[in-house]
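Residue-level structural notes
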Amino acid sequence: MSELSFEQMLDESFKTIHNGEVVEGTVIDVKPEEIILNIGYKADGIITKNEYSNDPSIDLTTVVSVGDTMSVKVLKVNDGEGQVLLTYKRLAAEKGNERLREAYENKEVLKATVTQILGGGLCATVEEARVFIPASLVSDSYEKDLSKYEGQEIEFVISEFNPRRNRVIGDRRQLLVAERAERQKELFAKLHIGDTVEGTVKNVTDFGAFIDLGGVDGLLHISEMSWGRVENPKKVFQVGDTLKVLVKDIHDTKIALSLKFPETNPWAHASENFAVGTVINGKVARMTDFGAFIELAPGVDALLHVSQISRAHVEKPSDVLSIGQEITAKIVDLNEAEKKISLSMKVLEAEAVPSDESEE
């Protein structure tokens with residue numbers, strides 16, 4: 001029997017390893033870009049920064065110290081320079097994928113930090129395993145700019161798990177929808193028609209404003225923004241404004257709001273403020289061929305019939321009046337039930353003429 005050479009005996013004193021094998025190692029040196037481990041093999045193992053983490057900015061000396069023990073996976077027994085190429089990241093990702101699989105099967109809510117913003121969504125990392133959250137599943141409303149989520153810790157569930165096709169999909173939207181539904185349930189339980197509530201302007205459109213009442217949106221229609229006329233809601237309200245609004249109606253999950261509080265109704269004291277015989281100032285609000293509507297107060301328009309504009313013949317109101325013009329007239333009729341007021345400028349002209357002249 002031939003004797004073994006020293007080199008052969010030395011080789012046999014070390015264990016054998018294979019590609020893909022998981023081994024334990026002790027850190028014997030660490031640099032910003034690589035870690036060197038003693039893995040009980042004839043050659044040391046090397047972990048490059050890229051095989052430690054997906055974070056390109058990481059400095060390995062800040063996360064690993066000499067003497068630390070690590071579980072790693074063998075990528076190549078010989079990297080061409082007599083060293084063993086190892087990976088920590090991929091082994092961690094495998095463990096992370098197992099964690100994600102369990103979370104998927106159990107419908108568990110996960111919490112992780114957003115590590116990357118992509119054009120189509122967000123990437124979060126769970127124990128070195130990447131989860132993609134499409135833009136459509138990031139929020140319960142449209143998000144144009146996702147950059148605000150970078151570095152933010154978010155909660156989500158795994159809605160699709162197929163690591164072989166590299167499809168691990170996270171869903172944050174369903175959590176927000178469920179949370180919103182719970183808030184809605186609580187709010188609707190205590191909300192009643194006639195209540196005055198505080199809300200925040202969430203969105204403003206040409207026809208009204210949507211008010212966030214704390215998890216539920218109510219519509220403040222343009223017709224309910226004032227007792228007077230509002231031409232353009234966007235000139236009156238801005239997103240973020242805080243308002244006290246009146247709950248006008250509740251139908252299923254739809255809430256109609258109003259700023260027309262009963263105590264501020266300009267018709268409430270019409271018999272006093274707009275009594276027949278009162279001489280009043282007003283502004284021409286709009287005109288038709290048969291007359292002009294004069295705004296006496298926000299929400300109170302009176303008709304100045306074309307026949308009551310002047311003692312002289314007037315073909316149509318626009319011949320002598322213009323929108324926004326201030327006029328003085330006398331109230332000649334008041335119908336509170338129908339909220340109608342009639343004015344006359346002609347009466348004032350007649351009253352200004354001396355009696356002997358009027359007789360002529």
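Everything quoted here is computed from the prediction, not taken from an experiment. (Residues numbered from 1 in each chain as written. Predicted model: local features only at pLDDT ≥ 70, side-chain atom pairs only at ≥ 80, totals over all residues. Heavy atoms only, no water.)

In the sheet, strand S16 (residues 279-287) pairs with strand S19 (residues 326-335) via five bridges, with the strands oriented antiparallel. Looking across to S19, one finds that Val279 is bridged to Lys330. Note: S19 against strand S20 (residues 340-344), five bridges, orientation antiparallel. Note that in S20 the partner of Asn335 across the bridge is Lys340. Joining the antiparallel neighbours S19 and S20 is a turn of four residues, in which Lys339 adopts a positive phi near 55°. (Pairing = 2+ DSSP bridges. Helix = DSSP H or I, 4+ residues; strand = E, 2+ residues; numbered from the N terminus.)

It is worth spelling out the pattern of salt bridges at this point. Taken as a whole, this structure holds 20 salt bridges when the rule is applied. Residues Glu94 and Lys73 are paired through a salt bridge, measuring 2.4 Å at the closest nitrogen-oxygen approach. Pair noted here: Glu94 is in helix H2 (residues 89-106) and Lys73 is in strand S4 (residues 69-76), with a separation of 21 residues, a long-range link. The network of salt bridges with shared partners includes Glu98, Arg101 and Glu105. (Salt bridge = Lys/Arg side-chain N within 4 Å of Asp/Glu carboxyl O.)

With 18 residues, H2 extends 25 Å between its outermost C-alpha atoms, agreeing within 8% with the 26 Å of an ideal straight helix rising 1.5 Å per residue. For H2, the set of buried residues is Lys89, Leu91, Ala92, Ala93, Gly96, Leu100 and Ala103. (Expected span 1.5 Å × (residues − 1). Buried < 20%, exposed > 50% of the residue type's maximum accessible area, 1.4 Å probe, protein only.)

Most of strand S10 (residues 167-171) is tucked away, with four of its five residues classed as buried. Hairpin connection between strand S9 (residues 153-162) and S10: a loop of four residues separates the two successive antiparallel strands, and Asn166 in this loop has a positive phi of roughly 55°.

Positionally, Arg229 belongs in the loop between strand S13 (217-221) and strand S14 (242-251). Arg229 sits 194 residues away from Ile35 along the chain, and the two C-alpha atoms are 73 Å apart. If sequence neighbours within four positions are ignored, Arg229 has contacts with Ala285, Arg286, Glu295 and Asp301. Engagement of the side chain of Arg229 in a polar contact is seen with the side chain of Asp301, the distance being 2.6 Å. (Contact = heavy atoms within 4.5 Å. Polar contact = N/O pair within 3.5 Å; in protein donor to acceptor, adjacent residues only side chain to side chain.)

Now for the environment of Asp217. Positionally, Asp217 belongs in strand S13. Separated by 37 residues in the primary sequence, Asp217 and Lys254 have C-alpha atoms spaced 7.9 Å apart. Filtering out sequence-adjacent residues up to four positions away, Asp217 remains in contact with Arg180, Lys202, Ile211, Asp212 and Ile255. Of the polar contacts made by the side chain of Asp217, one reaches the side chain of Arg180; its length is 3.4 Å. For Asp217, the side chain forms a polar contact with the side chain of Lys202, separated by 3.1 Å.

Pairing in this closed barrel of five strands is mixed, and the strands run S16-S17-S18-S20-S19 around the ring. When strand polarity is set aside, the average angle formed by the axes of neighbouring strands in this sheet is 55°. Bridge count for strand S17 (residues 291-297) against strand S18 (residues 300-305) is six bridges, and the pairing is antiparallel. Along S18, the bridge assignment pairs Ile294 with Ala302. (Axes fitted to C-alpha atoms, helices over the stretch in contact; angles between N-to-C directions.)

For the rest of this paragraph, the subject is the environment of Gln152. Along the chain, Gln152 turns up in the loop between strand S8 (129-134) and S9. Those residues in contact with Gln152, other than ones at most four positions away along the chain, are Ala112, Thr113 and Val114. In terms of polar contacts, Gln152 uses its side chain to reach the backbone carbonyl oxygen of Lys148, at 3.3 Å.

Under the present numbering, the feature "domain: S1 motif" (unreviewed entry) in UniProt falls on residues 20-89, 107-173, 194-260 and 277-346. In residues 194-260, helix accounts for 0% and strand for 51%; the two terminal C-alpha atoms are 11 Å from one another. (UniProt positions renumbered as here; feature names shortened; annotations may be inferred.)

Within a sheet, each strand pairs with its neighbour through backbone hydrogen bonds, oriented either parallel or antiparallel. Reading around the barrel, the five strands line up as S1-S2-S3-S5-S4 and close back on themselves, with mixed pairing between neighbours. Strand-to-strand twist in this sheet, taken as the mean axis angle between neighbours without regard to direction, amounts to 55°. Where S4 meets strand S5 (residues 84-87), three bridges bridge the pair, whose relative direction is antiparallel. Considered in S5, the bridge of Lys73 is made with Thr87. Taken strand by strand, H2 contacts strand S1 (22-30), S4 and S5, and its axis lies near 105° from that of S4.

Turning next to the packing of aromatic side chains. Taken as a whole and assessed by the stated rule, the structure comprises four aromatic pairs. Seen from their ring centres, Phe290 and Phe293 are 6.2 Å apart, and the 85° between their planes marks the pair as edge-to-face. For Phe290, a relative accessible area of 43% gives the class partly exposed. (Phe/Tyr/Trp six-rings, centres within 6.5 Å; stacked < 30°, edge-to-face > 60°.)

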